[in-house]
Amino acid sequence: FHDHFLKTFNVLSSVEGMKVVEIEKCRNDIKKLREEMVSRNNSNFLEDNKKLTPRRDVPSYPKYILSQQTIDALKKPAFDVWLWEDNEMLSCLEHMYHDLGLRWLVSCVSMTNYRNNPFHNFRHCFCVTQMMYSMIWLCSLQEKFTQVDILILMTAAVCHDLDHPGFNNTYQINARTELAVRYNDISPLENHHCAVAFQIFSQPDCNIFSNFDPEAFKQIRQGTITLILATDMARHGEILDSFKQKVDNFDYTDEEHITCLKMVLIKCCDISNEVRPMEVAEPWVDCLLEEYFMQVRVYS
């Protein structure tokens, strides 16, 4: 089952830069993979994934209350992110922050700070953050990390794709866009996400770090920026090699080791759709292909 997911991920990774005809071939290849996976009847993987019925009796965000069923499900990777409206996802995000003992303000991640892209949208932001939350609980990371580390992990997940334009770094650099010029072709999107995040946090009613002293804020800012920049897939090999060198003798008291682990965690969460149940993961494939198709059409 893992090998089939890996094949799918490799197919998606190779899509970047393809022409329209090649993308159509990629779509057909993925369809064949789906059919093969279904034929193998991987039902055991989905046993724990029960369908949830979101409560919409009080649709207004400030008054929305999560059911206990939803609260329990949020801690699991099988959580179905497609069942929820935007205001409900905001309620879930707020619960996750409060449950971890963190301060939260809804205005910090207003849906308007994420564009209506097929893939890199607010639902993807929620998806990545929910996976981070579940990993924190399933791996008992609160026993290993400081509260500031947890805050950095969650905040970086929420902010990691802020104001994503729907066109990747390769496009930005080749098209010589304003972002590419501004950031000298060095992770232009990720640098932009960081800048937008701290522009938002600089507003008085959005400053969730106002209770921290300047030195602590500096640590949080640097930590958040480091994690968001780590989501640039161009740095995948570099980060993975660094982690492999540390993992056999990992030291939780070594700040460099902790930072590397946090970078790997957000990278895992960013591409975590591949390990979710099939009915949750599958729609993201079409979303990603649609976004790539739009990019190729514009660039052609």
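These numbers were taken from a predicted model, which means no experiment stands behind them.

Peer 1: Quick question: what am I supposed to make of helix H11 (residues 236–247) here?
Peer 2: The α-helix winds at 3.6 residues per turn, so residues separated by three or four positions along the chain end up facing the same way. Given a rise of 1.5 Å per residue, 12 residues ought to cover 16 Å, and the 16 Å separating the end C-alpha atoms of H11 matches this to within 8%. For H11, the set of buried residues is Ile-239, Phe-243 and Lys-246. Along the axis of H11, the buried positions cluster into a sector of 65 degrees, meaning they face one direction only. Along H11, exposed side chains directed more than 90 degrees from the buried face belong to Lys-244 and Gln-245. Residues of H11 that are buried make contact with helix H12 (255–270).

Peer 1: What is the right way to look at the environment of His-124 in this model?
Peer 2: Residue position: His-124 is located in helix H5 (residues 122–138). Classification of His-124 as buried rests on a relative accessible area of 1%. Sequence separation of His-124 and Ala-157 is 33 residues, and the distance between their C-alpha atoms is 10.0 Å.

Peer 1: Whenever I open this one, the UniProt feature "binding site: Zn(2+) 2" (unreviewed entry) in the chain confuses me. Can you help?
Peer 2: Under the UniProt annotation, "binding site: Zn(2+) 2" (unreviewed entry) lies at Asp-161. Along the polypeptide, Asp-161 turns up in the loop between helix H6 (147–159) and helix H7 (169–174). On the accessibility criterion, Asp-161 (6% relative accessible area) is buried. Those residues in contact with Asp-161, other than ones at most four positions away along the chain, are Tyr-114, His-120, His-124, His-193 and Asp-270.

Conventions and cut-offs
- Residues numbered from 1 in each chain as written.
- Predicted model: local features only at pLDDT ≥ 70, side-chain atom pairs only at ≥ 80, totals over all residues.
- Heavy atoms only, no water.
- Helix = DSSP H or I, 4+ residues; strand = E, 2+ residues; numbered from the N terminus.
- Expected span 1.5 Å × (residues − 1).
- Buried < 20%, exposed > 50% of the residue type's maximum accessible area, 1.4 Å probe, protein only.
- Arc of directions from axis to C-beta.
- Contact = heavy atoms within 4.5 Å.
- UniProt positions renumbered as here; feature names shortened; annotations may be inferred.

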